[in-house]
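Architecture and fold: a report
Okay, here's what each chain looks like letter by letter:
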Amino acid sequence: MTALPDPLFPSPLLSIGAFAAQARLSHKALRLYDDLGLLRPAHVDPLTAYRYYAPEQLPRAALIGLLRQLDLPLAQIRTLLDAPPAEQVAQLRQHHARGEHAQARRGELTRYLIARLEGHPMTQTYDVQTRHMPAQAVATLTRHVKVAGLEEAILEGFTSLKALLGAQGVSAAGAPFVIYHGEVNADSDGPIEVCQPYAGTLRPAGEVHLREEAAHEEAYVTLTRAEFQFPGILQAYDATCAYAAGHGAGCALHPREVYPHDWATLGDSDPAGDVAWPYTPR
């Protein structure tokens with residue numbers, strides 16, 4: 001079934017059913033692509049609201065279908081289709097690189113879980129050290145965040161706390177750190193508490209709270225920037241937890257990550273910070 005010829009297209013228009021069959025897309029998908037502005041019908045009958053498409057739209061429809069097979073979100077597909085050809089290629093290369101990185105992380109996590117389930121020792125050896133942390137005043141921001149937004153939330157928190165201290169002329173009294181009060185993964189959102197020790201008199205503002213972090217002992221390992229990446233960092237948590245359990249008892253404080261360096265300036269092999277596990281020594 002076709003509609004009357006459209007003067008903007010050299011070929012007769014196709015009904016949504018005919019176009020769907022040739023494009024190998026469902027009616028539901030075509031309606032969704034229309035709603036999102038990805039693939040508008042060439043003509044919509046004002047009386048029946050039937051959608052009609054031009055044969056010249058088939059290559060775009062096929063491209064959308066192939067891009068969906070790459071698991072590209074529809075919003076990203078729209079951005080790609082609106083870009084010049086050279087930029088489209090660049091975006092696809094970036095998506096491919098992200099996919100390879102994600103696949104490598106899944107493989108690493110799978111190997112970690114298999115070794116854990118089989119009771120194998122850790123494949124990574126760490127130099128676990130201990131230190132006494134005195135009580136300290138900290139400015140904090142609490143964030144509920146899942147793993148996809150974790151790094152951004154941490155960096156944003158550090159920036160906000162640094163700006164507050166600077167605005168009030170208060171000095172930092174130690175490296176910023178992040179306390180994990182709960183699991184952060186694809187389903188759980190912590191919360192995390194982004195903390196900045198300070199010296200002097202500070203007034204809370206906005207979402208920032210002020211409190212005292214209790215004195216404690218902690219087991220810690222120092223990691224490079226590359227070692228901070230998930231899931232490799234899990235073994236560092238395992239190592240500090242095992243040390244704390246073997247040399248003392250748990251305490252009310254939660255594990256944390258300490259960031260004494262400017263993350264943006266670090267290379268993958270540069271020492272980046274510590275994974276620390278508070279405990280009560282025997």
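Refer to the structure presented above.
Residues numbered from 1 in each chain as written. Predicted model: local features only at pLDDT ≥ 70, side-chain atom pairs only at ≥ 80, totals over all residues. Heavy atoms only, no water.

1. Looking at the overall build of the chain
Within the chain, the secondary structure is distributed over 7 helices and 13 strands. Over its C-alpha trace the chain gives a radius of gyration of 27 Å, far above what one expects of a compact globule, namely 19 Å for 282 residues. Viewed in the frame of its principal axes, the chain has a C-alpha envelope of about 85 × 50 × 35 Å. Scored against the burial criterion, the 282 residues of the chain give a buried share of 37%. Long-range pairs, those at least 24 residues apart, make up 69% of the contacts in the chain between residues at least 6 apart in sequence. Here the chain displays about 16200 Å² of accessible surface, and carbon together with sulfur accounts for 57% of that area. Taking the average location of the 23 positive side-chain charges in the chain and that of its 31 negative ones, the two points are 6 Å from each other. (Helix = DSSP H or I, 4+ residues; strand = E, 2+ residues; numbered from the N terminus. Rg over C-alpha atoms; globule rule 2.2 N^0.38 Å. Buried < 20%, exposed > 50% of the residue type's maximum accessible area, 1.4 Å probe, protein only. Contact = heavy atoms within 4.5 Å. Areas by Shrake-Rupley, 256 points an atom, 1.4 Å probe, with all protein chains shown as cover. Lys, Arg positive; Asp, Glu negative; His and termini not counted. Charge placed at Lys NZ, Arg CZ, Asp CG, Glu CD.)

2. Here we look at the environment of Pro55
Mapped onto the secondary structure, Pro55 falls in the loop between β3 (51-53) and α3 (58-69). Taking the relative accessible area as the measure of exposure, Pro55 reaches 24% and is therefore partly exposed. Note: C-alpha distance between Pro55 and Pro260 (205 residues apart in sequence) is 60 Å.

3. Topic: the packing of aromatic side chains
The full count for this structure, using the stated rule, is 7 aromatic pairs. Clustering of aromatic rings is evident, with ring pairs tying together Phe158, Phe228, Tyr259 and Trp263. In this structure, Arg131 packs its charged tip against the face of Tyr220, placed 3.8 Å from the ring centre. (Phe/Tyr/Trp six-rings, centres within 6.5 Å; stacked < 30°, edge-to-face > 60°. Lys NZ or Arg CZ within 6 Å of the ring centre and 35° of its normal.)

4. Some details on unusual backbone geometry
In this chain, Gly190 is followed by Pro191 through a cis amide linkage whose omega measures 10 degrees. With respect to the secondary-structure elements, Pro191 resides in the loop between β7 (177-180) and β8 (192-199). The step from Phe230 to Pro231 runs through a cis peptide bond, and the omega angle for that step is 10 degrees. Along the chain, the position of Pro231 falls in the loop between β10 (216-224) and α7 (233-247).

5. Observations regarding the state of the cysteines
Simply put, the disulfide is a covalent bond whose two ends are the sulfur atoms of two cysteines. Throughout the structure, instances matching the rule amount to 0 disulfides. Between Cys251, a free cysteine, and Cys241, which holds the nearest cysteine sulfur, the sulfur-to-sulfur gap is 12 Å. (Disulfide = S-S within 2.5 Å.)

6. Side note on the side chain of Gln196
Along the polypeptide, Gln196 turns up in strand β8. Reaching out from Gln196, the side chain makes a polar contact with the backbone oxygen of Gly174 at a distance of 3.0 Å. Leave out the neighbours within four places in its chain, and Gln196 touches Ala137, Val138, Ala139, Leu161, Leu165, Ala172, Ala173, Gly174 and Pro176. (Polar contact = N/O pair within 3.5 Å; in protein donor to acceptor, adjacent residues only side chain to side chain.)

7. Some words on helix α2 (residues 27-35)
Those residues of α2 that sit buried are Ala29, Leu30, Tyr33 and Asp34. Each buried residue of α2 sits inside an arc of 140 degrees when the element is viewed along its axis, so together they form one side. Along α2, the residues that are exposed and aim more than 90 degrees away from the buried face are Lys28 and Asp35. Where α2 is buried, its residues contact α1 (16-23), β3, α3 and α4 (74-82). Phi turns positive one or two residues past the end of α2, at Gly37, with a value near 80 degrees. (Arc of directions from axis to C-beta.)

8. What about the side chain of Glu218?
Among the secondary structure elements, Glu218 is positioned in strand β10. Looking at Glu218, the relative accessible area reads 2%, which means it is buried. Polar contacts involving the side chain of Glu218 include one to the side chain of Arg131, which spans 2.8 Å. Within polar-contact distance, the side chain of Glu218 engages the side chain of His216 at 2.8 Å.

9. Quick notes on the sheet that holds strand β2 (residues 43-44)
Across a sheet, strands are paired by hydrogen bonds formed along the backbone, either parallel or antiparallel in direction. Strands sit in the order β1-β3-β2 across an open sheet of 3 strands; the sheet is antiparallel. At either margin of the open sheet sits one strand with a lone partner, and together these are β1 (14-15) and β2. In the sheet, β2 pairs with β3 via 2 bridges, with the strands oriented antiparallel. Along β3, the bridge assignment pairs His43 with Tyr52. (Pairing = 2+ DSSP bridges.)

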